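Secondary and tertiary structure notes
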Amino acid sequence: MTIPIQQITLHHLSMELKQPFTTSFGTVENKDFYITEIDDGQGNRGFGESVAFTAPWYTEETFTTTGHMMRDFLIPILLNNSIKHPDDVSKLFTTIKRNNMAKSALEGAVWDLYAKREGQSLAEALGGTKSKIEAGIAIGMQSSIAELLHKIALSQENGYKRVKLKIKPGKDIDVLKEVRHHYPDLPIMVDANSAYTLEDTARLKELDAFQLLMMEQPLAHDDIVDHAKLQAEIDTPICLDESIHSLENAKIAIELGSCRVINIKPGRVGGLTVAKQIHDYCVEKGIAVWCGGMLEAGVGRAQNIALSSLEGFRFPGDNAGSDNYWKKDIILPEVVAHNGLITVPTDLGIGHAIDIEALAQFKVDEEIF
Ligand SMILES: O=C(O)CCC(=O)c1ccccc1C(=O)O
Ligand SMILES: [Mg+2]
């Protein structure tokens, strides 16, 4: 049966992070993003979230480009075509190149709406099997080792199952030595957000000594070949993030041996359908995956949790509780990690209601189509 789309609303929200998040590229303090809402005119509403930042430091997309793409290209496609299943959305969107975060923001709302219409949770609709998922935490670069150790201590009080640390040349070996000295057994991984080149191979090889779960995106954001050369030289498994925008990219990376793990983010790959396709392909090839994060508010966070309930998500993701990011989130209940575990909601769709008061509090404006 066709999923009727009566109205699409873009809610522009602006929220301040509880703590600034620093990577090798700079610091994020504030997020402007869209909550997308699709109304079927029969009492059901699906919600999605755009994950691009205000500046294009992670990928080429920004908050402003996602608005432009949705308003001028993607929303007209949704309103002028009949959609039977959320998988149809990414197919219809292939006439628009890339702009995956814009696509994902709308496709996520169609998935939520579809699940609600089918009387299913989003996790169920996606084929998820886990009732609880393990939560990991990503800790941004800190001004001192003492501050970093303090943040790690807090993460352990909260039971997070693994800790991801951001590194760059000069803020790597010494930092890890200190952290390992205090936490010899902690599951740790690192993320360089492309801060190295192949010329740093010897330095990256030194990181093998720290028994890291994996090293995320050490080399260029658009590279797949050099990562294969690096992986052949080091023992630590490489995990690709920025390099993987599609199932095709994942196939190439696996074929070339560029990584042993893939970080799947729906926003980076154009939505939940492609995220699931990459997951399925990786399971077939024996490649572990986990769900990355984009400092999401509640809607995006809930979608990541539903996705993480698929069996191939073998590592804890970057999916800490709402309270790690926000003083107040926009969903009810907020996402809570108990002893590092998040219960996958069984209620309809994303399984969280929109907190109408919070939505109003953070809203800058709205556009209705
Ligand atoms: O906790 C999170 O949401 C993820 C933190 C994170 O590492 C990140 C945050 C923003 C943009 C890119 C990345 C990344 O995975 O590289
Ligand atoms: Mg990353």
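Residues numbered from 1 in each chain as written. Chains lettered and ligands numbered in written order. Predicted model: local features only at pLDDT ≥ 70, side-chain atom pairs only at ≥ 80, totals over all residues. Heavy atoms only, no water.

**Notes on the packing of helix 9 (residues 247–256) against helix 11 (residues 272–285)**
Each pair of packed helices gets described by two things: the angle between the helix axes and the distance between those axes. Heads up, the rule is: Convention adopted: a line fitted to C-alpha atoms gives each axis, helices being fitted over their contacting stretch, and angles between N-to-C directions are expressed from 0 to 180 degrees. Under the scheme used here, helices are H or I runs from DSSP no shorter than 4 residues and strands are E runs no shorter than 2 residues, and both carry numbers assigned from the N terminus. For classification purposes, angles smaller than 35 degrees are called roughly parallel, those larger than 145 roughly antiparallel, those between 65 and 115 roughly perpendicular, and all remaining angles oblique. Each crossing gets its handedness from the near helix: less than a right angle anticlockwise from the far helix is left-handed, clockwise is right-handed. For this analysis, residues touch if any pair of their heavy atoms sits within 4.5 Å.
Two elements in contact, helix 9 and helix 11, have axes whose closest approach is 9 Å; the angle formed by their N-to-C orientations is 20°. Taken as axis vectors, helix 9 and helix 11 run roughly parallel relative to one another. At the point where helix 9 passes helix 11, the crossing takes the right-handed sense. Where helix 9 approaches helix 11, its residues L247, A250, K251 and I254 are matched on the opposing element by V274, Q277, I278, Y281, C282 and K285.

**Focus: the site of ligand 1**
Which entries qualify depends on this criterion: Distances are taken per atom, and a residue is near a molecule or strand as soon as one of its heavy atoms is within 4 Å of it. Distance and chemistry together define a polar contact, namely a pair of N or O atoms within 3.5 Å, with one atom able to donate a hydrogen and the other to accept it when in protein, and with adjacent residues in sequence counting only for side-chain atoms on both sides. Only the protein chains shown count as covering a residue, and every accessible area follows the Shrake-Rupley method with a 1.4 Å probe. Charged residues are taken to be Asp, Glu, Lys and Arg, nonpolar residues to be Ala, Val, Leu, Ile, Met, Phe, Trp, Tyr, Cys and Pro, and polar residues to be all remaining types, Gly included.
Lining the immediate environment of ligand 1, one finds 17 residues, of which K166, D191, N193, L295 and Y325 sit closest. At 3.4 Å from an oxygen atom of ligand 1 is found a main-chain nitrogen or oxygen belonging to M294. Alone, ligand 1 offers 390 Å² of accessible surface; in the complex the protein occludes 100% of this. Looking at the shell around ligand 1 residue by residue, the classes come out as 8 nonpolar, 2 polar and 7 charged.

**Focus: the coordination of the magnesium ion (ligand 2)**
Cut-off, in case you're wondering: For Na, K and Ca the donor cutoff is 3.2 Å, while for all other metals N, O and S atoms count as donors only within 2.8 Å; water does not appear among the atoms, so some sites may look incomplete. For each residue, the accessible area found with a 1.4 Å probe, counting protein chains only, is set against the maximum for its type, and the residue is called buried under 20%, exposed over 50%, and partly exposed in between.
In this structure, D191 (OD), E216 (OE) and D241 (OD) serve as the protein donors to the magnesium ion (ligand 2), at separations of 2.1 to 2.3 Å. The motif formed by the donor residues of the magnesium ion (ligand 2), counted along the single chain, is D-x24-E-x24-D. Highlighted residues: E216 in strand 7 (residues 215–216) and D241 in the loop between strand 8 (238–240) and helix 9, separated in sequence by 25 residues. Neither E216 nor D241 differs from the other in exposure class; each is buried.

**Comments concerning the pattern of salt bridges**
For the record, the criterion: Salt bridges, as used here, are contacts in which a Lys or Arg side-chain nitrogen is within 4 Å of a carboxyl oxygen on Asp or Glu.
A full pass over the atoms with the stated rule returns 18 salt bridges. Here R203 and D172 are joined by a salt bridge, their closest N and O atoms 2.9 Å apart. Linking R203 in helix 7 (residues 201–206) with D172 in the loop between strand 5 (163–166) and helix 6 (173–182), this pair joins segments that are 31 residues apart in sequence. Measuring nitrogen to oxygen at the nearest pair gives 3.1 Å for the salt bridge that ties K265 to D241. Here the residue K265 occupies a position in the loop between strand 9 (261–264) and helix 10 (266–269), and D241 occupies one in the loop between strand 8 and helix 9, the gap between them amounting to 24 residues. The exposure class of D241 is buried, given its relative accessible area of 0%.

**Observations regarding the domain arrangement of the protein chain**
It is common to report an interface's size as the accessible area lost on association of the parts. Let me state the cut-off plainly: Those domain boundaries reflect an automatic or database domain assignment. Buried area adds together the accessible area that both of two parts lose upon being put together, with accessible area traced by a 1.4 Å probe.
According to the domain assignment, the protein chain consists of domain 1 (7–120 + 355–368) and domain 2 (124–350). For domain 1 and domain 2, the distance between their C-alpha centres works out to 22 Å. Contacts between domain 1 and domain 2 engage 44 residues on the former and 49 residues on the latter. Carbon and sulfur atoms make up 64% of the area that domain 1 and domain 2 hide from each other, which totals about 4000 Å². Across the pair K328 and D355 runs a salt bridge whose closest N-O atoms are separated by 3.6 Å. At the surface where domain 1 touches domain 2, the tally comes to 25 residue pairs in polar contact (both at pLDDT 80 or more). Those elements that provide at least two residues to the side of domain 1 that touches domain 2 are strand 1 (7–23), strand 2 (26–39), strand 3 (45–49), helix 2 (87–92), helix 3 (100–118) and helix 13 (356–362). The element that contributes the greatest number of residues to the side of domain 1 that touches domain 2 is helix 3, accounting for 12 residues. Residue classes in the side of domain 1 that touches domain 2 are distributed as 20 nonpolar, 13 polar and 11 charged.

**Focus on the environment of T94**
Relative to the elements of secondary structure, T94 occurs in the loop between helix 2 and helix 3. Take T94: its relative accessible area is 52%, and that puts it in the exposed class. Sequence separation between T94 and I83 is 11 residues; the distance between their C-alpha atoms is 14 Å.

**A closer look at the packing of aromatic side chains**
Put simply, the rule is: What counts as a ring pair is set by centres within 6.5 Å for rings of Phe, Tyr and Trp (its six-membered ring), and what kind of pair is set by the plane angle: stacked under 30 degrees, edge-to-face over 60, tilted for all other angles. Two limits define a charge over a ring: the Lys NZ or Arg CZ must be within 6 Å of the ring centre, and within 35 degrees of the ring normal.
The tally for this structure, following the rule as stated, stands at 5 aromatic pairs. On the basis of an interplanar angle of 20° and a centroid distance of 4.5 Å, the ring pair of Y34 and F63 is categorised as stacked. Highlighted residues: Y34 in strand 2 and F63 in helix 1 (residues 63–80), separated in sequence by 29 residues. The same class applies to Y34 as to F63, namely buried. For the pair F53 and W57, a centre-to-centre distance of 5.2 Å together with 25° between the ring planes defines the contact as stacked. Judged by relative accessible area, which is 7%, F53 ranks as buried. Taken together, the ring pairs in this structure connect F25, F53, W57 and Y58 into an aromatic cluster. For R162, the ring lying beneath its charged end belongs to W290, and the centroid distance is 5.0 Å. Lying over the aromatic face of Y325, R301 brings its terminal NZ or CZ to 3.8 Å of the ring centre.

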